[in-house]
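# Close look at the chain arrangement
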Amino acid sequence: MIRKLFVLFVLLLGTSSLFAQNKTVTGTVTDAADGAPLPGVNVLVQGTTNGTQTDFDGNYTIEAAEGDVLVFSYLGMKSQSVSVGSSDTVDVALEEDASQLDEVVVTALGIKRKEKTLTYAQQSVDSDELTKTRDPNFMNALSGKTAGVEIKKSSSGAGGSTKILLRGNKSLSGDSSPLFVIDGIPMANNKGGQPGMWGGTDSGDGLSAINPDDIESISILRGANAAVLYGSQGANGVVLITTKSGSQGRTTVTVNSSYTFEHYLELPDLQFKYGAIGAAKESWDTTPGDYNDEYVEDFFQTGHNFFNSVSVSGGTEKTQAYFSYGNISATGITPMNKYLKNNFTFKQSTKLFNDKLTITSNVIGAVESSKNRLPSGYYLNPLTGLYFFPRNRNFYDFKNNYEVFDDARNIMAQNWFVSDHHQSNPYWILNKEPQTDRRDRFIGNLTLSYDIMDNLNLQVRGNYDYATVTKEQQHAATSNSTNVHPNGAWDYQKYQDKLLYTDAILNYNTEFGEDFTLNASLGASHQETKYGIGVQVNTGTLGLLYPNEFYFQNLPTNVQVRSITSGNIIKEGVFLNAQLGYKEMLFLDVSGRNDWASTLALTGNDSYFYPSVGLTALLSEMFTVPEAISFLKLRGSWTQVGNEVPFNRINPQNTITANGGVSRNTTRPFLDAKPEIITSSEVGADLRFFNNRLGLDFTYYFIKSEDQYIDVPVTSGQGGYTREYINAGEITNKGVEITLNTIPIQTENLEWSSSFNFTSNRNEVVDIGPDDERIFNLGSSEGYYSRLVEGGRYNDLYVYKFLRDDQGRILFSEGAPRKTDLPELIGNLDPKASLGWNNSVSFKRFTFGALINAKFGGKVFSQTQSMLDGYGVSQVTADARDAGGVTVNGVDEASGTAVTTVGAETWYRAIGDRNGIGEAYVYDRTNVKLSQLSIGYNFDLSNSGLPIQAASLSFIGNNLFFFYKDAPFDPELAMNTGRSAQGLDNFNLPSTGTYGFNLKLTF
């Protein structure tokens, strides 16, 4: 497939110069200030991995073709690009760049600023870091590579969504996810459904539409200070994605092909020594046996992941174009799980009218589908039946005969040893309850940029983001009766997500006097979003008219075909940003935006304004600093951002029931709603030492969220209302972010760069509204309670604890341990600190990369372990039976007699199973793991005679192993990427690691 596409691209683009003859180019690189030769200068053929370094005399030799662009870069010097002409010699003189911060970076709305002038924390990750180890979801590759960013990967496997949080949770009732932006324009990242205690699957998110090979870089605007120009939707920070563009010069074709195999890192620690007594479903026999211990491991298979992409880039001085095709094909570690994604991208830029007008367009298409993405939770999950299966039975009888013919009904029926709401035959679920998902995505945008004068530019942009999502699961008759009617059940959902965005921005840059500069942007934007608009059917236990016929006409009259919507919102805004500079060493940044939001219509507060101000001082330019200090910058900023209430909160309507009746709305219209206000301030410092070989970036921030919308009981029942919304509540987040960049070694042949990213965030629920005793349940799952309580923290974990006497002894009643009457606080689900250590080493043609991620503090909860203990199938229950019981420090509350040993079944049935004593299943979240590893080699093709400019082969690995972990599961794997099930393991798919190879060719 790749070969055919490659030939097609060549023919379409007329790349007559594709196989241009290489020649040997030599030259000398010197210091422009004194003419001294520069050793160790990196020389790279642009758009390829073909590179070399200058020797001790500043000389270099490289293979390149006429029309290639050579890029010369050296620490402390300004990079320089030179086109190869007819001459075989290219000499270059590099100029000093003491700060190396004159680099222009993309900020909010695509506005470009010099990095050194920014008044807030901003961190970027380039494309090489994103694709180094080939994760199907590129956002997972960011984990540990930036400070202040919390990323959790879905436990559902390839195509699953990702939980991303910048500087903590900020809302009592709303979402704290950041805004995602492609080339300055907001994108739709609507998440579908998420699993919970009773089951369900991850429906993915909009980020999967992006081909990681198309990304040039990602910039993280962690606070509202940086993202204020995006309005309320940027209140939780912004992730800026800059895509690749065509480049001037001869056409370059790049092919990337990877294969990785995937396997589980660890399974629950199960026992296969003790079986069930008689026909019992639990394995609580006390007589050991010799039972099969392979069927659990046999259920899981080796996953195979294929990543292939090809891109074509080139152009003239006036027009450049970029085209790419990407494909991901993955089979997961569970049977019949498949994921497929195809990406298409075309981007072009053309200059007209003496280069005054630039027209840029970008089209992104993505088609992705998945089958049998594994659920989490109790119900319709293959893992419950797999793990619970009584050890004395023959599992393979049920695997090989998961269905049997029912003569009475003339249908195939499920074959399982028990009818139990918690479990089914795993192979029946996979074969007879198949789940399919499909998402078709299209993003198209057009930008017109016109230079009115040398220092005045007008930019107009339009973007349309459209997706169609189809989700379906067909449950065959005789599936688990808790969820499925005897005739079967049909879950069907099809909906559309639409985002229309336009803006116009006037940019003005000037110098006045001898010392002052002004960069200003004035603009307006209009955005319409329509999410989740479609139709849904869920028959459940209401059933079908005829078994196993999954059509609309087979629905009984009491099943409702529902029209659904997640929101229809219009936002409009006007904004201004102005940066005043003094002598290139002091910069004042002022921003303001006024928004109008449709979700606040009828309140009189639908128009709201918020400001931002920041100051940056380059102390190394103001004062004489020690020679060891290359750069010293202090910065500070303050901002307020308004955040409108979600869709359908102001005037909720009545609904139509399945039988044609009307369900009356009982929530009072929220006609006095005000926007939530998020006030954010931060201070920071950026220090560079030893000619920038050591850099330290420090940020302290404080964020206060007020006037949040809260659901409370009405004070009177007038009008039949029982609930109402009010503006109240306050949450604060404060923390530090530290980034340390180092280049410990830099020689002609060897360079080692290393970076540390440290984050610590402290959250507090200051006010929860008029009822100080009120409890917000973020999520609960039979013994697990994630709550918001005034004076506590977001994601505080409450569980039932052992009831103890004054001496700390566990109280027993009738031989069993007792638990507290109510759940009690045991810790918080968020880590106290996070650390990422990223390393890159190059030695001649070899490259090496490794990323170690660590979380310190926090708690997690394993409902899986609790249930396995209750069923007697965990290894600890076998060990307890071997030992004659469980050793405890207890006392009988009636007699006062000391209790030192408890029977294994008595103990684990009491503390485990459903609603047991959760204290026993809370674990430390602290863990340290090797997250990424890559070892590569860049081939020397100068004498090969092949039409290949560069080639590299790498060994790659993701999520390889833990150096330390306390929990019996991966605490960084998210069962649910929403708010309701953080730190919870409820029969999640086991964490996986991947190993494989990546081949990159440049023509």
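For the structure, see preceding data.
So, here is what we can say about the structure in this document. (Residues numbered from 1 in each chain as written. Predicted model: local features only at pLDDT ≥ 70, side-chain atom pairs only at ≥ 80, totals over all residues. Heavy atoms only, no water.)

Time to look at the layout of surface pockets. If you add up the space inside the second largest pocket, you get close to 1,600 Å³. Residue lining of the second largest pocket: 47 residues in total, with D175, N189, N190, Y531 and P646 positioned closest to the centre. Looking at the lining of the second largest pocket, the elements with two or more residues in it are β12 (162–166), β13 (179–182), β26 (489–512), β27 (516–538) and β29 (567–582). (1 Å grid on protein atoms, 1.4 Å probe; cavity = no way out; pocket = protein on both sides within 12 Å on 5 of 7 lines; lining within 4 Å. Points joined across faces, edges and corners; volume = space filled by probe spheres on them. Helix = DSSP H or I, 4+ residues; strand = E, 2+ residues; numbered from the N terminus.)

The next thing to look at is the sheet that holds strand β48 (residues 886–892). Spatially, β43-β42-β48-β49 is the arrangement adopted by the 4 strands of the open sheet, whose pairing is mixed. The open sheet has two edge strands with one neighbour each: β43 (816–817) and β49 (898–902). In the sheet, strand β42 (residues 810–813) pairs with β48 via 3 bridges, with the strands oriented parallel. Pairing of I810 across the sheet is with G890, part of β48. (Pairing = 2+ DSSP bridges.)

Glancing now at the side chain of T517. Of note, T517 is situated in strand β27. In this structure T517 touches T510, E511, F512, Q579, L580, G581 and E584, once residues within four positions along its chain are discounted. (Contact = heavy atoms within 4.5 Å.)

This next bit is on a negative patch on the surface. Negative charge collects at one region of the surface, where D290, D293, E294, E297 and D298 lie side by side. Examined against the element boundaries, D290 turns out to sit in the loop between β17 (249–264) and α4 (295–299). The exposure class of D290 is exposed, given its relative accessible area of 80%. (Patch = residues over 30% accessible without salt bridge, like charges linked within 9 Å, V, L, I, M, F, W, Y side chains within 5 Å. Areas by Shrake-Rupley, 256 points an atom, 1.4 Å probe, with all protein chains shown as cover. Salt bridge = Lys/Arg side-chain N within 4 Å of Asp/Glu carboxyl O. Lys, Arg positive; Asp, Glu negative; His and termini not counted. Charge placed at Lys NZ, Arg CZ, Asp CG, Glu CD. Buried < 20%, exposed > 50% of the residue type's maximum accessible area, 1.4 Å probe, protein only.)

Here helix α11 (residues 904–911) has its buried residues at A904, W907, Y908 and I911. In a view along the axis of α11, the buried residues occupy a sector of 85 degrees, so they form one face of it. Buried positions along α11 lie against β42, β43, α9 (863–871), α10 (875–882), β48 and β49. The positive-phi residue at the C-terminal boundary of α11 is D913, with phi of around 60 degrees. (Arc of directions from axis to C-beta.)

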